[in-house]
Amino acid sequence: MEKEPKILQTNKIELNPEESIGYFDYKGLSVRYNVATETQDDTNAEKPANYDLTPNTMGGKTLSIWVWEGVPQKFKEILLQHELVEADLRLNQKLPKEEAHKAAFESHIQYAKEH
């Protein structure tokens, strides 16, 4: 029997439309985001958001989330929430990539309805 992913309710993420880069803490993890990432191999029209653990200046790791610059402003928050949930499921709960992505997709649909 597979373990059911535990998705914690995420509060509304407030993005300042004047600033494309920001920081916040989530479940003890430092998160850095950029919602105006230029087109790259891993962030583009076909893959509009991505995340990875990156080194920080304190010698630890930061969860970095990139959202492609071409995403309309009203969807950037939803994609940021999706990547945040997917990263949590993969990194903390050790779910396989496809399972984590599917659960994050379902979560972001609910998030969009609520916020």
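Right above here is the structure, for reference.
The rules behind each value
Residues numbered from 1 in each chain as written. Predicted model: local features only at pLDDT ≥ 70, side-chain atom pairs only at ≥ 80, totals over all residues. Heavy atoms only, no water. Helix = DSSP H or I, 4+ residues; strand = E, 2+ residues; numbered from the N terminus. Expected span 1.5 Å × (residues − 1). Buried < 20%, exposed > 50% of the residue type's maximum accessible area, 1.4 Å probe, protein only. Arc of directions from axis to C-beta. Contact = heavy atoms within 4.5 Å. Core = buried A, V, L, I, M, F, W, Y, C linked by side-chain atoms within 4.5 Å. Phe/Tyr/Trp six-rings, centres within 6.5 Å; stacked < 30°, edge-to-face > 60°. Polar contact = N/O pair within 3.5 Å; in protein donor to acceptor, adjacent residues only side chain to side chain. Pairing = 2+ DSSP bridges. Axes fitted to C-alpha atoms, helices over the stretch in contact; angles between N-to-C directions.

End to end, helix α2 (residues 97-114) covers 25 Å across 18 residues, agreeing with the expected 26 Å (1.5 Å per residue, within 8%). Along α2, the positions that sit buried rather than exposed are Ala100, Ala103, Ala104, Ser107, His108 and Tyr111. End-on view of α2: buried residues confined to an arc of 140 degrees, all on one side of the axis. Looking at α2, the residues exposed on the side facing more than 90 degrees away from the buried face are Glu98, Lys102 and Lys113. Elements in contact with the buried residues of α2: α1 (73-92).

This paragraph deals with the nonpolar core. Counting residues in each nonpolar core, the largest one holds 19 residues, and the members touching the most others are Leu63, Ile65 and Leu84. Contributing elements (two or more residues each) for this core: β2 (29-37), β3 (49-55), β4 (61-68) and α1. Looking at this core, the element that brings in the most residues is α1, giving five residues. When sequence neighbours within four positions are dropped, the list of residues in contact with Leu63 reads Leu29, Ser30, Val31, Arg32, Tyr51, Asp52, Leu53, Leu84, Ala87 and Leu91. By size, the runner-up hydrophobic cluster in this structure holds six residues, among which are Val85, Leu95, Ala100 and Ala104.

A separate point is the packing of aromatic side chains. For the structure shown, the criterion picks out one aromatic pair. Relative to Tyr33, the ring of Phe24 lies with its centre 6.0 Å away and its plane at 45 degrees, an arrangement referred to as tilted. Take Tyr33: its relative accessible area is 9%, and that puts it in the buried class.

For Asn92, the location among the structural elements is in helix α1. When the C-alpha atoms of Asn92 and Leu29 are compared, they prove to be 10 Å apart, with 63 residues separating the residues in sequence. At 2.7 Å, the side chain of Asn92 forms a polar contact with the side chain of Asp88.

Quick look at the sheet that holds β4 now. Pairing is mixed across the open sheet formed by four strands, whose spatial order is β1-β2-β4-β3. Looking at which strands have only one partner, the edges of the open sheet turn out to be β1 (21-26) and β3. Adjacent strand axes in the sheet meet at a mean angle of 25 degrees when their direction is disregarded. When β3 meets β4, the two strands line up antiparallel, connected through seven bridges. Each bridged residue has a counterpart across the sheet, and for Asp52 the counterpart in β4 is Ser64.

Take it as geometry only, folks, not as evidence of what the structure does.
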